[in-house]
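# What the coordinates show
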Amino acid sequence: QVQLVESGGGLVQAGGSLSLSCAASGRAFSNFGMGWFRQPPGKEEREFVAVITSSGGRTSYSDSVKGRFLISRDNAKKTVALQMNSLKPEDTAVYFCAATISPSPTRPSAYNFWGQGTLVTVSS
């Protein structure tokens, strides 16, 4: 079992930056790939944002955030971070971190554990 708690959301102007953090508790954090997803207002589905492998050696990003967002993890501290730069109003969403043991980590259904989410609002 892994418990995840996100923090760092808030209101930021377009073009600004924000850093999200996800703290994990429980066993074997370093065995899980970790992903960030987001759910924009009014949408039911969660969108893939970024994922990092269990060792931190590989990352992958959605096309919409590539070059602007950076995912990282610290297995000793059991945390995963999402640095968001050059934010746009369309980045407004509730952001979730999630843990997976799946080899197909871009689908929400592949993730085993989820945090409660943190709201990011980007004003124009």
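Above this text is the structure in question.
What counts, and where the lines are drawn
- Counting restarts for each chain, with residues numbered from 1 along the sequence as it is written.
- For a predicted model such as this one, the threshold for reporting local features is a pLDDT of at least 70, and the threshold for listing and counting side-chain atom pairs is 80 or more; totals across whole chains, interfaces and linings nevertheless cover every residue.
- Only heavy atoms go into the side-chain values, all of them from the structure, while hydrogens and water stay out.
- Where helices and strands are cited, they refer to DSSP runs of H or I of at least four residues and of E of at least two residues respectively, numbered from the N terminus.
- C-alpha atoms define the radius of gyration in this analysis, and the globule rule sets the expected value at 2.2 Å times the number of residues to the power 0.38.
- Any two residues whose heavy atoms approach within 4.5 Å are treated as being in contact.
- Accessible surface area values rest on a Shrake-Rupley calculation with a 1.4 Å probe, where residue burial reflects the displayed protein chains alone.
- In this count, Lys and Arg are taken as positive residues and Asp and Glu as negative ones, while His and the chain termini are left out.
- To locate a charge, take NZ of a lysine, CZ of an arginine, CG of an aspartate or CD of a glutamate.
- Two cysteine sulfurs form what is called a disulfide whenever their separation falls within 2.5 Å.
- Under the scheme applied here, a residue whose accessible area is under 20% of the maximum for its type counts as buried, over 50% as exposed, and between as partly exposed, the area being computed with a 1.4 Å probe on protein chains only.
- Note: two strands are recorded as paired if DSSP finds a minimum of 2 bridges between them.
- Note on geometry: axes are lines fitted to C-alpha atoms, helical ones only across the stretch in contact, with angles between N-to-C directions running from 0 to 180 degrees.
- Remark: nonpolar core denotes a set of buried residues (Ala, Val, Leu, Ile, Met, Phe, Trp, Tyr, Cys) joined through side-chain atoms within 4.5 Å.
- Under the pairing criterion, centres of Phe, Tyr and Trp rings, with the six-membered ring standing for Trp, must be within 6.5 Å; the plane angle then separates stacked pairs below 30 degrees from edge-to-face pairs above 60, leaving the rest tilted.

## Considerations on the overall build of the chain
A tally of regular secondary structure across the chain gives 0 helices and 11 strands. The N-to-C order of helical and strand elements in the chain reads β-β-β-β-β-β-β-β-β-β-β. In terms of overall dimensions, the chain is globule-like: its C-alpha atoms have a radius of gyration of 13 Å, near the 14 Å expected for 124 residues. Once the C-alpha set of the chain is aligned to its principal axes, its extents read approximately 40 × 30 × 25 Å. Taking the intrachain contacts of the chain between residues at least 6 apart in sequence as the baseline, contacts between residues at least 24 apart amount to 56%. Working note: accessible area of the chain is about 6300 Å², and carbon and sulfur atoms make up 50% of it. Mean positive and mean negative side-chain charge positions of the chain (12 and 8 charges, respectively) differ by 9 Å.

## Observations regarding the state of the cysteines
Overall, the coordinates contain 1 disulfide when judged by the stated rule. Sulfur-sulfur distance for the disulfide between Cys-22 and Cys-97 comes to 1.9 Å. Residues Cys-22 and Cys-97 share a disulfide whose torsion about the S-S bond is about 45 degrees; that sign makes it right-handed. Here Cys-22 is found in strand 3 (residues 18-26), whereas its partner Cys-97 is found in strand 9 (residues 93-100), with 75 residues between them in sequence. In this pair, the class of Cys-22 matches that of Cys-97, namely buried.

## Considering the sheet that holds strand 7 (residues 69-74)
Strand order in this open sheet of 4 strands is 1-3-8-7, and the pairing throughout is antiparallel. Sheet topology places strand 1 (2-7) and strand 7 at the edges, where each strand pairs with a single neighbour. Recorded for the sheet is a direction-independent mean angle of 15 degrees between the axes of neighbouring strands.

## Topic: the environment of Val-120
Considering the arrangement of structural elements, one finds Val-120 in strand 11 (residues 118-123). For Val-120, a relative accessible area of 0% puts it in the buried group. Contacts of Val-120, omitting those with residues within four sequence positions, involve Gly-9, Gly-10, Leu-18, Leu-20, Met-84, Asp-91, Thr-92, Ala-93 and Tyr-95.

## Concerning the nonpolar core
Ranked by internal contacts, the top residues of the largest apolar core, which has 29 residues, are Leu-4, Met-34, Trp-36, Leu-82, Met-84 and Tyr-95. Listing elements by their share of this core, those giving two or more residues are strand 1, strand 3, strand 4 (33-39), strand 5 (47-52), strand 7, strand 8 (79-84), strand 9 and strand 11. Those residues within four positions of Tyr-95 in sequence are excluded, and the remaining contacts are Glu-6, Leu-20, Trp-36, Phe-37, Arg-38, Val-49, Phe-69, Leu-82, Met-84, Gly-117, Thr-118 and Val-120. Judged by nonpolar contacts, the second largest core, of 6 residues, contains Phe-37, Phe-48, Ala-98 and Ala-110.

## Focus: the packing of aromatic side chains
Within the structure shown, the criterion is met by 6 aromatic pairs. An angle of 70 degrees between the planes, with centres 5.8 Å apart, marks the rings of Phe-37 and Phe-48 as edge-to-face. Here the residue Phe-37 occupies a position in strand 4, and Phe-48 occupies one in strand 5, the gap between them amounting to 11 residues. No difference in accessibility class separates Phe-37 from Phe-48, as the two residues are buried.

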